[in-house]
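What follows is the residue order along each chain.
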Amino acid sequence: MTVLVVGSVALDSVETPFGKADDVLGGSGTFFSAAASLLTPVQLVGVVGDDYPVDKLQPLADRGVDLSGLERAEGPSFRWRGRYRHDLNSAETLETHLGVFSRFSPKIPEAFRSAPFVFLANIDPRLQLDVLKQVQRPKLVACDTMNFWIESRRPELMELLGHVDLITVNDGEARQLSEKANLVQAARWIMSHGPRHVIIKKGEHGAFMFTEDTIFFAPAYPLESVFDPTGAGDSFAGGFIGYLAKTGDLSEGNMRRAVIYGSAMGSFAVEKFSIERLLEVTREDLGSRIRDFRKLVAFEEELE
Ligand code: AMP
C-alpha cells in the first residue's frame, strides 16, 4: 500500500566530529521517503526553492517515490544547519531558514488523497493540519515534530494530536511537549491528547512504543561508528510506516515488528552523510540487519 508523506525537503549543512557537509540533501520528507521507498511506494508532498538541485532527487524517483506533489517555488529552499558534538544523540540547531516553506500551502494532488497511510513528517503543524483536511480517511495517520515547533506552534500541535493515530518523538521532545520528566508519564500524557500509539526514540539507546496497556522496547543497532546522526528519526519513521504499509497489518505484533524495521533503517541512515547510505541499502541488507536485531535480543529463559 502507498504512503503519503508531507515534510521538509531541505538543504542541510552538518558538522559532526567526523567531518562536515554543506548544502546536502536533507529534510524530514526526504529522509522518510528514502527509507520508506525500500519497502513500499511513496508519494512526497513538499516544496523546494529555485536553488534546489532537483536532479539529485532522481534516485528517489527511481526507487518509487512519486515526486509529482513536490512544488517548485520562487525563492530560497528550506535550509537547516546543525552540529553534533561527541554526544551524537542530540543535534544542536545553529540555523533554520524556512525559505519557501514559510509561504507554502500544501495542495495534495487528487491521486494522492486516498493514500491508506499518511505520515506528517516534521514540519509546521499548520501544514500538517492542512494536509489532513485534504485526505480521505486513511487507515493510519502518524506525525512527527520537534522542539522548534513545540516552542513556536504549541496550540496547532495540540490540535494536531487530536487527529493522529500515532506520534513519533524523541525523548527530549516528549518531555518538552508533556512537561513531564518521566517518559512513561510523558507518553501517557501524549496519549491522553489523542494518539493511541506513542513512539519515543532515544537515539543510540533504542526506542519505546507505548499503547494504552502495552510497552514495547527495541534497542538501537550497536554500530561501531556513527558518522552523521541527521535523519535517523525520519528514517526510523520511514522504516516503521513503510513496513506497516507494505504489510497492511496494524496488529500489535506487526507494529512491534515495524519498530524493528524503523530501528534498522535509522541505523543505516547514520552510516553516511545525507541520504547516501539509504540509497545504497538493498532489501537483502535490510533483511540481514533485521536478523541481527533478533540475535541481539534473543535469549533462552531458564525454567525452574
Ligand atoms: P532528524 O531525523 O530528527 O535527525 O531530522 C533531521 C532533518 O530535519 C534534517 O534533514 C533537517 O533538514 C530537518 N529539519 C530540521 N529542523 C526542521 C524544522 N524546524 N522543520 C522541519 N524539518 C526540519
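Above this text is the structure in question.
This text gives an overview of the structure that appears in the document. Fair warning: this is a prediction, and the values are worked out from it, not measured in the lab.

Of all the residues in helix α7 (residues 183–191), the buried ones are L183, A186, A187, I190 and M191. Projected onto a plane normal to the axis of α7, the buried residues spread over an arc of 135° and lie on a single side. At the N-terminal boundary of α7, the capping side chain belongs to N182, with an oxygen 2.9 Å from the backbone nitrogen of V184.

What follows covers the sheet that holds strand β1 (residues 3–6). Overall, mixed pairing links the 9 strands, which are arranged β5-β4-β1-β8-β9-β10-β11-β12-β13 in an open sheet. Across the chains shown, the open sheet's two edge strands, defined by having one partner strand only, are β5 (65–72) and β13 (215–218). Taking the axes of each pair of neighbouring strands and ignoring which way they run, one obtains an average angle of 15° across the sheet. Pairing of strand β12 (residues 207–210) with β13 involves 4 bridges; the strand directions are antiparallel. The residue bridging F208 from the neighbouring strand is F217, located in β13. Relative to β13, helix α9 (residues 252–269) is tilted by about 30°, and along the sheet it contacts β10 (166–170), β11 (197–201), β12 and β13.

Here the focus is the nonpolar core. F32, F119, F240, I241, V259, L278 and L286 are the most contacted members of the largest nonpolar core, which has 53 residues in total. The biggest single contributor to this core is α9, with 9 residues. Apart from residues lying up to four places away in sequence, L286 is in contact with L38, L39, Y261, A264, M265, F268 and V281. By size, the runner-up hydrophobic cluster in this structure holds 46 residues, among which are Y84, A115, L161 and I190.

Criteria and thresholds
Residues numbered from 1 in each chain as written. Predicted model: local features only at pLDDT ≥ 70, side-chain atom pairs only at ≥ 80, totals over all residues. Heavy atoms only, no water. Buried < 20%, exposed > 50% of the residue type's maximum accessible area, 1.4 Å probe, protein only. Helix = DSSP H or I, 4+ residues; strand = E, 2+ residues; numbered from the N terminus. Arc of directions from axis to C-beta. Polar contact = N/O pair within 3.5 Å; in protein donor to acceptor, adjacent residues only side chain to side chain. Pairing = 2+ DSSP bridges. Axes fitted to C-alpha atoms, helices over the stretch in contact; angles between N-to-C directions. Contact = heavy atoms within 4.5 Å. Core = buried A, V, L, I, M, F, W, Y, C linked by side-chain atoms within 4.5 Å.

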